[in-house]
Amino acid sequence: SKKRLLWKFLLDELNSHNDYLRWIDRSAGTFRIIDTMEVSKRWGKIKHNPAMTFGKLSRGLRIMKLQRFRIMYLYFSILLSCEKYCVSSVSIADVAALRTSLFDVYDNELQPSYEYHMNISLYFFPFSIHELDEVSGTLTSVVALSTQWKDQRLSWNPLNYNGTYYLNVKSSKIWYPDIFCINPADKLEKLGDNSLNAMIYSHGVVERLIGAALKTSCVVDMTYFPFDTQICSIIFSTWNLALDVKINIFENSVILTYYTKNPQWELIRARTRNINIGVFSGIPCIDLTLQRKSEFFVLNSLVPILLLLILNPLVFVLPIESGERVSFAVTIFLSLAVFMTLVSDNTPKSASLSLITYIMMTVMVCSTCQCIMIIVIFVFYFKNANSRAPKWLVQMTCAIRCRKERQTTPFDEETDNMGKRGDGGSTSVINEDFSWKDFAVFLDKISFVLSCCVLLIIVIVIVSLISQRPAFQ
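Owing to the predicted nature of the structure, the values given are computational and were not obtained by experimental measurement.

## Some words on the UniProt feature "transmembrane region" (unreviewed entry) in the protein
Within the UniProt annotation, "transmembrane region" (unreviewed entry) is assigned to residues 296-320, 326-343, 355-382 and 446-466. The span residues 355-382 shows a helical share of 96% and a strand share of 0%, and its end C-alpha atoms are spaced 41 Å apart.

So this is what it looks like as structure tokens:
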């Protein structure tokens, strides 16, 4: 099968003591791939696939197992003790001789190659997401970058130096690509400096590990706040280098092994892709998908807002004569204004607002209408008892209440005859029975029903907002 053929290939290469694939701890089954391009090329020859890439080969490495021990694949260099990694017979004199041989005529200002396209492999290690500032649209993160390239001038035969397979030197002594994050939030700076170390292997592969605290710009979409998911991109590129220098980033180039969880944001997915900027193509971009942990906002803002919404219709349940309706409604309005301020402080000042902002604005408008309606009800309720409601108001009220407009008395034949003639006799009876106080009570009931309907609609919208939250696997 393909799996056993791959393992046979790996074991044969490991046992051949080559420079591109080597055991780290044979008893633990741990090995290291030093030259990914060379391993992919050799595996492609066996599979008769000239287009074999390390991304395809590495997918098989994730699930492979041997019969008695597990093989672990390491993505970047780990400092190991000499008992496990290096040959004990290597002396300081051997290393000194090697350094003299390599750097005697080496010029660190010259690019390793000008004859063919130079490939730089990039691996990304996010350590933590420090902060995502939605208002300013900036992402602060702590990351590490592992860059690998081939410099034939730094290759040697390990047997000539008593089995010295690698050499650790300062970056200032060798040529290395200047890596920049080209979507910074404040200023453009080179990642790393000359004080960092670099690992050189005998077949000419150079590996340099960079650590940085990045502050990058992020386009924030607050539509579904606080149930939102943000996608922040980090773009890397070389600087002041020839166009034939290309950074390669693979599907598995993002390693989350050392990531520390953020209390506010959950890292759902990290995806790599290549983008085009102007005349430059194939620029590596890393998309970090962050999902907000909304429990804090729900418990401290959304739940109190919903409770205030429930109290809003109850203002029409209070007796009109109590005189506490206006103060109750104004208190709810002011409380909603406070929560409106809290929501606006956590959202960016942009043209696109979150749905929760529109919901809060709708609630504020409804609360304002309730305050106005309460005052209108008071005016009608305490209106002069001698004044009567006009005919059109009585007819409209009776139509809404689905009652008969005619109220006749069987003992009053004259009134009954007037009602049959349709000369308005019945309306006079209604006018005498229907007062402004009755109209105020009618408005009170209508306002309570409308407030309950608005509350139900807002709850449905919030539930729909929660259900539309995207789920990532």
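## Some thoughts on the nonpolar core
The biggest cluster of nonpolar side chains holds 45 residues, and the ones touching the most others in it are Phe 103, Phe 124, Ile 174 and Phe 236. Among the elements that line this core, the one with the most residues is strand S4 (residues 118-133), at six residues. When near neighbours in sequence (up to four residues on either side) are disregarded, Phe 124 contacts Val 143, Ala 144, Leu 145, Ile 234, Phe 236, Ser 253, Val 254, Ile 255, Ile 286 and Leu 288. Counting residues in hydrophobic clusters, the runner-up holds 23 residues, among them Met 222, Phe 339, Met 340 and Ile 356.

## Here's the deal with empty space enclosed by the protein
Tallying each qualifying case throughout the model produces two cavities of 30 Å³ or more. Here the largest cavity is characterised by a volume of approximately 70 Å³. Of all the secondary-structure elements, those providing two or more residues to the lining of the largest cavity are helix H2 (36-46), S4 and strand S5 (138-155). Among the elements that line the lining of the largest cavity, the one with the most residues is S5, at three residues. Considering only residue class, the lining of the largest cavity consists of four nonpolar, four polar and two charged.

## A short note on the pairing of strand S11 (residues 245-254)
Remember that side chains alternate between the two faces of the sheet whenever the strand is regular. Summarising burial for S11: eight of the 10 residues are buried, a large majority. Strand direction decides the pairing type here: S4 and S11, joined by six bridges, are parallel. Bridge pairing in S11 links Leu 122 to Ile 249.

Scoring rules and cut-offs
- Residues numbered from 1 in each chain as written.
- Predicted model: local features only at pLDDT ≥ 70, side-chain atom pairs only at ≥ 80, totals over all residues.
- Heavy atoms only, no water.
- UniProt positions renumbered as here; feature names shortened; annotations may be inferred.
- Helix = DSSP H or I, 4+ residues; strand = E, 2+ residues; numbered from the N terminus.
- Core = buried A, V, L, I, M, F, W, Y, C linked by side-chain atoms within 4.5 Å.
- Buried < 20%, exposed > 50% of the residue type's maximum accessible area, 1.4 Å probe, protein only.
- Contact = heavy atoms within 4.5 Å.
- 1 Å grid on protein atoms, 1.4 Å probe; cavity = no way out; pocket = protein on both sides within 12 Å on 5 of 7 lines; lining within 4 Å.
- Points joined across faces, edges and corners; volume = space filled by probe spheres on them.
- Nonpolar A, V, L, I, M, F, W, Y, C, P; charged D, E, K, R; others polar.
- Pairing = 2+ DSSP bridges.

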